[in-house]
Structure formats: structure tokens, C-alpha cells
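Residue strings, one per chain:
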Amino acid sequence: MIRVTGLEKKFDRLTVLRDITCEIHEGEAISIIGPSGTGKSTFLRCLNLLEKPTGGHIYIDGEDILAKGANIPKLRQKMGMVFQSFNLYAHLTVLENLTLGPMKLLGKTKSAAEEKALELLRTVGLSEKAASFPDELSGGQKQRAAIARCLAMDPKILLFDEPTSALDPTMVSEVLAVIRRLAKAGMTMVIVTHEMEFSKNVSNRVFYMDEGLIYEEGTPQRIFDNPQKEKTKAFINRIRGFSYAVETEDYDFYAMNGAVKTFCEKYLPPKTVRNVLLLTEELTELQTPPYTLALDYYEKKDTLTMTLESEGELADPFKEGAEIDEISATIIRNYIGTVTREQRDNRNVLVMEVRAK
């Protein structure tokens, strides 16, 4: 239904989208996730030409909507777009908001438009609000009305630009329930969202966008449970990272320890911070520079790993026969769980899971 090839969008010298190529098939629900500022909303706005692409092609049902002479208003009618901020006409009732477009643009009679509008309001649970004005509705009700208004135009495709971002958390579920119902009915949808669990449950495929392109795509199971690329892994697990390079024997240990403490205090409880500082002191004392100490906190899993990496040998206190005093051994073995030894680009790596004790 939608085929995009080599899509680019620039604002002056800033490249927001680069070489976007994808296909979206009829009946698919595609979720687009990724960090803020990576072009997700701009991609949606290019699909229905609210933003004019700088380069590339967009085909809707096989027709290039960027070609000279393309009937843009007709093609745009195939797409409905739901924005973050509802965009309902404040001076019209909910029913009038839904009937205006079909009467003006589709040529429907008032009675036919109202009949369809009332049916859609029942679908989104707002039949009793037909005569209400937008300022009499809650945020969740406004967004459901906005979805119904899009559906009143009989679109083949619905675009959702973070439809819950402007809502109070208590109202998010009612809007997501409507979108979920549309997905089950087979509506073709492209949804920019930060609701990860919703994206996982409602989508046929997920696009992870980063650096202005579709960095990785796949089924929800692959993207959320087994992402292949590093930036996707970091985003899905919400990894917060810290690293410190120890170059020489006379490095400033106290500066390093202070940096470790500052990082840990952002994400970890005081007792865990204390444990990490003790481990840092004991483990680094065993090592011979140069080496790198890294910490990775996985918000989704609420786990912390400590990594030591060096081109030379690493002192491994977990190996049998390791030369380590009893106090140090007790501290390290009490606060470290799983230990993994790896080779990365000819560097020795020791990855340790820090116990939350």
C-alpha cells in the first residue's frame, strides 16, 4: 500500500531523514519507535506531504505522490492523520467536527454524514458526547473524537503521531484501546509512539529509527526481545552507560571514583552505590594500566554490569588460584553475580553483573 524509496528531508543544512526505504502492506500496523529528534514525526508528515521531501519517492497504491501532476488532495484523502494536540474545531460540536469533512470534501449529505459519524462515535465510546463541544471533553475523549473524525473520511491508511503524548497517564489506556481495536479490524496504520508495551502488542512490524533512518526493523518479538544492533539494544533496554579510561599507573583514582559515584547516584539506591564504589576500588587495584572500566545500567531490567577491558592481560579474581587477599575476595564475590569472559577486537573483556544487595 505504501512504498518509500530513498526518502530524504533537509531543513537548510540539517538532514533530518536520509535514505528511508520501506514498504507498508495493507492491513499492517507499523510502530515507529526511537529517541526524540530522530525524524519519526517528520517521516509521517512526509508520507502525507505536510512536509515536502527533499528527495526520494513515495508510492501510495502504486502512484508516486511526488511526481509532477499527481493529484495530491485525492491521494491525501486516502490517509487520515491523528496529531498529538487533537486539532478539533473548538466552535463546533463533536458531531459537527466529524461531519464537516465528509460533507465538504466527499460530497455526502448531512443525514448520511451524521449517520456515519454517530456510528463512529459509538465505536470510540463517545456516542453520548455528540452534542458536546471539545472544551467539555477530557484529553482522552478529545483524542478519541479526533480518531473518529479521521475515520469519517473513510481513509485506507491512518497515521498516528504520538497520539498519547499530550495526555494525562490516566487517559492513555482509553486511546490505546481504540487503536488496538482498529488494528484488530485490519486498518492499515503507522504509529509513532513511546508506548513500548503497546507497540509490542499491537504491531505487525516495528521500525526503530535513529540517525535519520530506519536503523533496524523486524517483528515486535525480534525488536523487543532480540534486537541485533547496538543502538537498538541500548534504546530497548534503556541502557545508561559510563566509562573511564585508566592510562597510566599514576592516574587519579579519586577523580575516577568520584565520576563513578556521580553516575551511579543518578540511577541506583544508596546501598548499591556503596557496593559499586567498593567493587571499583578492589577491582581496579588488581589491574595494570592501560585498561577501561565501564558501567552499564539497564533500566528495563533494573540490572547493572561492570566491565573491565584491556589489550593486555586482565587480573581475574574469579579464577582458581587468583592472588587476592581474603578481604578483597570477600567483597568482590559478595557483590558480583554472573561473570563472563570475552574477546572483543583483540581485547580481553571481563563482564560482571553487580548484585543489588
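Computed from a predicted model, the values in this text were never measured in an experiment. (Residues numbered from 1 in each chain as written. Predicted model: local features only at pLDDT ≥ 70, side-chain atom pairs only at ≥ 80, totals over all residues. Heavy atoms only, no water.)

Engineer: Could you give an account of a negative patch on the surface, naming the residues involved and the relevant values?
Structural biologist: A contiguous patch of negative charge on the surface is contributed by Glu281, Glu285, Asp325 and Glu326. The topology assignment puts Glu281 in helix H11 (residues 270-286). Overall, Glu281 belongs to the partly exposed group, its relative accessible area being 35%. (Patch = residues over 30% accessible without salt bridge, like charges linked within 9 Å, V, L, I, M, F, W, Y side chains within 5 Å. Areas by Shrake-Rupley, 256 points an atom, 1.4 Å probe, with all protein chains shown as cover. Salt bridge = Lys/Arg side-chain N within 4 Å of Asp/Glu carboxyl O. Lys, Arg positive; Asp, Glu negative; His and termini not counted. Charge placed at Lys NZ, Arg CZ, Asp CG, Glu CD. Helix = DSSP H or I, 4+ residues; strand = E, 2+ residues; numbered from the N terminus. Buried < 20%, exposed > 50% of the residue type's maximum accessible area, 1.4 Å probe, protein only.)

Engineer: Please set out the side chain of Asn257 residue by residue, giving values where relevant.
Structural biologist: Inspection of the secondary structure assignment puts Asn257 in helix H10 (residues 253-267). Excluding its chain neighbours within four sequence positions, the residues that come into contact with Asn257 are Leu277 and Thr280. (Contact = heavy atoms within 4.5 Å.)

Engineer: Give a description of the sheet that holds strand E3 (residues 29-33) that names residues and reports values.
Structural biologist: Backbone hydrogen bonds are what pair the strands of a sheet, in a parallel or an antiparallel way. On the basis of which strands lie adjacent, the open sheet formed by six strands has the order E6-E7-E8-E3-E9-E10 and mixed pairing. Unpaired on one side and paired on the other, strand E6 (79-82) and strand E10 (213-218) mark the two borders of the sheet. Sheet twist, expressed as the mean angle between neighbouring strand axes with direction ignored, is 20 degrees. Alignment of strand E9 (residues 205-210) against E10, held across five bridges, turns out to be antiparallel. The residue bridging Met209 from the neighbouring strand is Ile214, located in E10. Along the sheet, helix H5 (residues 139-151) makes contact with E6 and strand E7 (157-161), crossing E6 at roughly 170 degrees. (Pairing = 2+ DSSP bridges. Axes fitted to C-alpha atoms, helices over the stretch in contact; angles between N-to-C directions.)

Engineer: Provide a residue-level description of the packing of H5 against helix H6 (residues 169-184), including the pertinent values.
Structural biologist: Relative orientation of the contacting elements H5 and H6 amounts to 20 degrees, with a least axis distance of 8 Å. Between H5 and H6, the interaxial angle falls into the category roughly parallel. The handedness of the crossing between H5 and H6 is right-handed. Packed against H5, whose contacting residues are Gly139, Gly140, Gln141, Gln143, Arg144, Ile147 and Leu151, the element H6 presents Met171, Glu174, Val175, Val178, Ile179 and Leu182 at the interface. Class assignment for the residues of the contact of H5 with H6 results in seven nonpolar, four polar and two charged. (Parallel < 35°, antiparallel > 145°, perpendicular 65-115°, else oblique. Left-handed = near helix turned anticlockwise from the far one by under 90°. Nonpolar A, V, L, I, M, F, W, Y, C, P; charged D, E, K, R; others polar.)

Engineer: A description of the pattern of salt bridges should follow, citing residues and the corresponding values.
Structural biologist: Scanning the entire structure with this criterion turns up 21 salt bridges. Salt-bridge contacts for Arg205 lead to Glu217; the nearest nitrogen and oxygen are separated by 2.8 Å. With Arg205 in strand E9 and Glu217 in strand E10, this residue pair connects regions lying twelve residues apart in the sequence. When its relative accessible area of 16% is taken as the criterion, Arg205 is described as buried. Salt-bridge contacts for Glu211 lead to Lys231; the nearest nitrogen and oxygen are separated by 2.2 Å. In this pair, Glu211 sits in the loop between E9 and E10 while Lys231 sits in helix H9 (residues 230-236), placing the two residues 20 residues apart along the sequence. Classification of Glu211 as partly exposed rests on a relative accessible area of 36%.

Engineer: How would you summarise the packing of aromatic side chains if you had to cite specific residues and measurements?
Structural biologist: On inspection of all chains with the given rule, the structure shows six aromatic pairs. Pairing Phe242 with Phe263 gives two aromatic rings, centres 5.6 Å apart and planes at 25 degrees, and the pair type is stacked. On the criterion of sequence distance, the pair formed by Phe242 in strand E11 (residues 239-246) and Phe263 in helix H10 is long-range, its members being 21 residues apart. Considered together, Phe242 and Phe263 belong to a single accessibility category, that of buried residues. Between Tyr267 and Tyr297, the ring centres sit 5.8 Å apart and the planes meet at 25 degrees, which makes this aromatic pair stacked. (Phe/Tyr/Trp six-rings, centres within 6.5 Å; stacked < 30°, edge-to-face > 60°.)

Engineer: Any chance you could break down the side chain of Thr93 for me, citing the residues and the numbers?
Structural biologist: Position of Thr93 among the secondary structure elements: in the loop between E6 and helix H3 (94-105). Thr93 gets classed as buried once you look at its relative accessible area, which sits at 12%. Ignoring any residue separated from it by four or fewer positions in sequence, one finds Thr93 in contact with Ala130, Ala131, Ser132 and Phe133.

Engineer: Break down unusual backbone geometry for me, citing the residues and quoting the values.
Structural biologist: Cis geometry marks the peptide bond from Pro289 to Pro290, where omega comes out at 0 degrees. Tracing the backbone shows Pro290 in the loop between H11 and strand E12 (291-298). One non-glycine residue, Asp12, lies in positive phi territory at about 55 degrees. Note that Asp12 resides in the loop between strand E1 (2-11) and strand E2 (14-24).

Engineer: Go over helix H12 (residues 326-335), please, and point to the residues and values.
Structural biologist: Taken together, the buried positions of H12 are Ser328, Ala329, Ile331, Ile332 and Tyr335. With its buried residues spanning 165 degrees around the axis, H12 presents them on a single face. Every exposed residue of H12 that faces more than 90 degrees away from the buried side is listed here: Glu326 and Ile327. Buried positions along H12 lie against H11, strand E14 (336-344) and strand E15 (347-354). Backbone nitrogen of Ile327 and a side-chain oxygen of the N-cap are separated by 3.1 Å at the start of H12; the cap is Asp325. (Arc of directions from axis to C-beta. Polar contact = N/O pair within 3.5 Å; in protein donor to acceptor, adjacent residues only side chain to side chain.)

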